[in-house]
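# Results of the structural survey
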Amino acid sequence: MDTVGWWSLVRFAHVAGAALWVGGQLALSLVILPLARHLLDPEAKDRFTAAAGRRFGMLTGVVFLPVQLATGWAMAWHRGVTWASLAEPGYGRTLATKLALFVVVMLAAAGHGIAHAKGRADLARALAVVSLVGSLGVVLLATALPAT
């Protein structure tokens with residue numbers, strides 16, 4: 001138990017938040033929404049998917065995003081990351097790429113919600129795919145970073 005310290009808990013919260021975000025997207029995309037399309041009539045399916053999207057968006061805004069930002073900032077501070085070090089090869093550039101992709105994912109997710117609310121289903125679906133693929137890219141880049 002002496003190997004589980006404060007920074008292990010911070011990293012755990014960061015990884016758990018990412019798992020919630022990416023796992024939630026995968027569960028919605030690969031399991032829940034296809035079943036809703038198959039089992040529900042079109043009106044019920046639309047109500048269900050809109051409600052599921054709102055709930056996932058609320059969870060993202062209230063839990064996922066604050067946890068990711070706080071724990072990510074804390075781990076970067078603990079490691080001594082500076083704006084200048086983000087341009088350095090290795091850890092810095094990998095982290096900078098991960099952060100940039102995270103911003104793209106959040107913008108795509110927000111755009112998805114806006115497009116869905118405005119009834120632009122094709123754009124909403126495209127942005128959902130961008131968000132999901134980008135999220136997997138963020139996880140891939142995170143695995144390339146050494147533990148802090």
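A brief report on the enclosed structure follows. (Residues numbered from 1 in each chain as written. Predicted model: local features only at pLDDT ≥ 70, side-chain atom pairs only at ≥ 80, totals over all residues. Heavy atoms only, no water.)

With that settled, the discussion passes to the pattern of salt bridges. Counted according to the given criterion, the structure contains two salt bridges. Here Glu-43 ties to Arg-47 by a salt bridge, and the two come within 3.2 Å at their closest N and O atoms. Placement of both Glu-43 and Arg-47 in helix α2 (residues 42-79) is noted, with a separation of four residues, approximately one turn of the helix. There is no split in this pair, since Glu-43 and Arg-47 are both exposed. When the shortest N-O distance is used, the salt bridge between Lys-45 and Asp-46 registers 2.9 Å. Taking relative accessible area as the criterion, Asp-46 reaches 41% and is therefore assigned partly exposed. (Salt bridge = Lys/Arg side-chain N within 4 Å of Asp/Glu carboxyl O. Helix = DSSP H or I, 4+ residues; strand = E, 2+ residues; numbered from the N terminus. Buried < 20%, exposed > 50% of the residue type's maximum accessible area, 1.4 Å probe, protein only.)

We now examine the packing of aromatic side chains. Applying the stated rule across the entire model yields four aromatic pairs. Relative to Phe-56, the ring of Trp-21 lies with its centre 5.4 Å away and its plane at 20 degrees, an arrangement referred to as stacked. Here Trp-21 is found in helix α1 (residues 6-39), whereas its partner Phe-56 is found in helix α2, with 35 residues between them in sequence. We note that Trp-21, like Phe-56, is buried. Residue placement shows Arg-79 over the ring face of Tyr-91; its charged tip is 3.6 Å from the ring centre. (Phe/Tyr/Trp six-rings, centres within 6.5 Å; stacked < 30°, edge-to-face > 60°. Lys NZ or Arg CZ within 6 Å of the ring centre and 35° of its normal.)

Here Ala-74 is to be found in helix α2. Through-space distance from the C-alpha of Ala-74 to that of His-14 is 10.0 Å; in sequence the pair is 60 residues apart.

Let us look at the environment of His-78. Position of His-78 among the secondary structure elements: in helix α2. His-78 sits in the partly exposed class, given a relative accessible area of 36%. Linking His-78 and Leu-101, residues 23 residues apart in sequence, is a C-alpha distance of 22 Å. There is a polar contact of 3.1 Å between the side chain of His-78 and the side chain of Trp-7. (Polar contact = N/O pair within 3.5 Å; in protein donor to acceptor, adjacent residues only side chain to side chain.)

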